[in-house]
Amino acid sequence: MNRMKKINIAVDGFSSCGKSTIAKGLAKKLDYTYIDSGAMYRAVALHAIRNGWITETEIDEMSLQQGISDIKIAFKTNNLRHQETYLNGENVEKKIRTLEVANGASRVSAIGFVRKELVRQQQEMGRKKGVVMDGRDIGTVVFPDAELKIFLTALPEVRAKRRFDEMTAKGENLLFEEVLANVKERDERDTTRAESPLYKADDAIELDNSEFTVEEQLQFVVDLLIRLFGDLTNNQINESTTIYD
Ligand code: DC
């Protein structure tokens, strides 16, 4: 049995900032559980789209509120050790990554009762610590006591280029301008919404990664962990070290 102290790590920031890459990389190094909170909002959006509760202009909040307790979201690791999102038992990992669902997620995530329910589930997931969760409100609302909070930023053009390359590689046919407009639109909505808008927690460490590689960013956070929790991380940062309850 390993008595090593576990911590929770919050990774927040704008869309397409590479939050998940950093959060996943950290979780792997520490042998912690990675949780993609955005995938949960996307799953709710997919469910709402399928049920006709979201149109171009409106959201049928009453039906969504009545139906939200029927939405069961889970994460499972596939054969390649990649985490995939399940909606009521169905693997929806690919289906939640479209622009349509991203826009729907941005809209349903502005609704108070949706946030309340998902935050409740996220807090439950982090109750035993040992979680790296990425999102928008993890350091401010979900885990205000997280031992380490990272706030990632990058220029909108850099983020749009990353998202554009990712989507084109998957065979999606898009214009760069369309992706850039989408990034800016989501920034605006994420930062100005009344419910849990995106902002940097006072005690979060800001990292502008416009000009950093993934390895450089991970090294930065690892150095930070060592500085803050030397004892804890000296042992954990070794990739061959596994942490058990
Ligand atoms: O990180 P993402 O693009 O997968 O997130 C999808 C949407 O969900 C995004 O518009 C913001 C929202 N979101 C949120 O409001 N709070 C979170 N903790 C995570 C995501």
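Residues numbered from 1 in each chain as written. Predicted model: local features only at pLDDT ≥ 70, side-chain atom pairs only at ≥ 80, totals over all residues. Heavy atoms only, no water.

J.: Please explain the overall build of the protein chain as it appears in this structure.
T.: A count of helical and extended segments in the protein chain gives nine helices and eight strands. Here the C-alpha atoms of the protein chain give a radius of gyration of 18 Å, agreeing with the 18 Å that 2.2 N^0.38 yields for 245 residues. Overall, the C-alpha framework of the protein chain stretches about 55 × 40 × 40 Å when taken along its three principal axes. Out of the 245 residues belonging to the protein chain, those deemed buried represent 49%. Here the contacts in the protein chain between residues at least 6 apart in sequence split such that 75% fall between residues at least 24 apart. About 12600 Å² of surface is accessible on the protein chain, with carbon and sulfur atoms providing 50% of the total. A gap of 5 Å separates the mean positions of the 35 positive and 40 negative side-chain charges of the protein chain. (Helix = DSSP H or I, 4+ residues; strand = E, 2+ residues; numbered from the N terminus. Rg over C-alpha atoms; globule rule 2.2 N^0.38 Å. Buried < 20%, exposed > 50% of the residue type's maximum accessible area, 1.4 Å probe, protein only. Contact = heavy atoms within 4.5 Å. Areas by Shrake-Rupley, 256 points an atom, 1.4 Å probe, with all protein chains shown as cover. Lys, Arg positive; Asp, Glu negative; His and termini not counted. Charge placed at Lys NZ, Arg CZ, Asp CG, Glu CD.)

J.: Looking at this structure, I do not really get helix α5 (residues 112-125). What am I missing?
T.: Spacing of three or four residues puts side chains on the same side of an α-helix, whose turn is 3.6 residues. The end-to-end C-alpha separation of α5 is 20 Å, in line with the 20 Å expected for 14 residues at 1.5 Å each. Every buried residue of α5 is accounted for by F113, V114, R115, L118, V119, Q121 and Q122. Looking at the buried side of α5, the elements it contacts are α2 (37-50), α3 (61-67), β3 (73-77), α4 (99-108), β6 (131-135) and α6 (138-142). (Expected span 1.5 Å × (residues − 1).)

J.: Just checking my understanding: could you explain empty space enclosed by the protein for this structure?
T.: In this approach the atoms are scanned with a rolling probe the size of a water molecule, which exposes any empty space left behind. Counted under the stated rule, the structure contains one cavity of 30 Å³ or more. Its boundaries defined by the atoms lining it, the largest cavity holds a volume of some 30 Å³. Around the largest cavity sit D12, G139, K149, I150, F151, Y199, K200, A201 and A204, which together line it. Sort the elements by how many residues they give to the lining of the largest cavity and strand β7 (residues 148-153) lands first, with three residues. Among the residues forming the lining of the largest cavity, the class breakdown is five nonpolar, one polar and three charged. (1 Å grid on protein atoms, 1.4 Å probe; cavity = no way out; pocket = protein on both sides within 12 Å on 5 of 7 lines; lining within 4 Å. Points joined across faces, edges and corners; volume = space filled by probe spheres on them. Nonpolar A, V, L, I, M, F, W, Y, C, P; charged D, E, K, R; others polar.)

J.: Is there a simple way to think about the site of the ligand in this case?
T.: Within the structure, the ligand sits among 15 residues, and R42, R115, R136, D137 and R193 are positioned closest to it. Contact between the ligand and D137: a nitrogen atom at 2.8 Å from a side-chain N or O atom of the residue. Here an oxygen atom of the ligand sits 3.1 Å away from a polar atom, N or O, in the side chain of R186. Burial of the ligand by the surrounding chains reaches 95%, relative to a free accessible area of 450 Å². Mapped onto the shell around the ligand, the elements with two or more residues apiece are α2, α4 and α8 (176-192). Looking at the shell around the ligand element by element, the count peaks at four residues for α2. Residues that form the shell around the ligand fall into these classes: three nonpolar, five polar and seven charged. (Near = heavy atom within 4 Å. Polar contact = N/O pair within 3.5 Å; in protein donor to acceptor, adjacent residues only side chain to side chain.)

J.: Sorry, what's going on with helix α1 (residues 19-30) here?
T.: Helix length check: α1 (12 residues) gives 16 Å between terminal C-alpha atoms against 16 Å at 1.5 Å per residue, within 8%. Looking at α1, one finds that the buried residues are K19, I22, A23, G25, L26, A27 and L30. Directly beyond the C-terminal end of α1, a positive phi value near 60° is found at D31.

J.: Mind showing me how you'd approach the pairing of β7 here?
T.: Successive residues of a regular strand alternate their side chains across the two faces of the sheet. Across the six residues of β7, six count as buried, placing the element largely inside the fold. Side chains L148, I150 and L152 project from β7 onto one buried face, and the interleaved K149, F151 and T153 project onto a second face that is buried too. Judged from the five bridges that link them, strand β1 (residues 8-13) and β7 form a sheet pairing that is parallel. What sits directly across from A10, in β7, is K149. In the sheet, β7 pairs with strand β8 (residues 205-208) via four bridges, with the strands oriented parallel. Residue pairing for β8: T153 is matched across the bridge by D208. (Pairing = 2+ DSSP bridges.)

J.: I'm lost on the sheet that holds β6 in this one. Help?
T.: Strands belonging to one sheet form pairs held by backbone hydrogen bonds; the direction of such a pair is parallel or antiparallel. Ordered in space as β2-β6-β1-β7-β8, the five strands form an open sheet in which the pairing is parallel. Of all the strands in the sheet, the pair left with one neighbour each is β2 (33-36) and β8. Sheet twist, expressed as the average angle between the axes of neighbouring strands with direction ignored, equals 20°. Relative to β6, β1 runs parallel, the two being bridged by five bridges. When the bridges of β6 are listed, A10 appears paired with M133. Sheet strands in contact with α1 are β1, β2, β6 and β7, and its direction is about 180° off that of β6. Those strands touched by α2 are β2 and β6, and its axis lies near 40° from that of β2. (Axes fitted to C-alpha atoms, helices over the stretch in contact; angles between N-to-C directions.)

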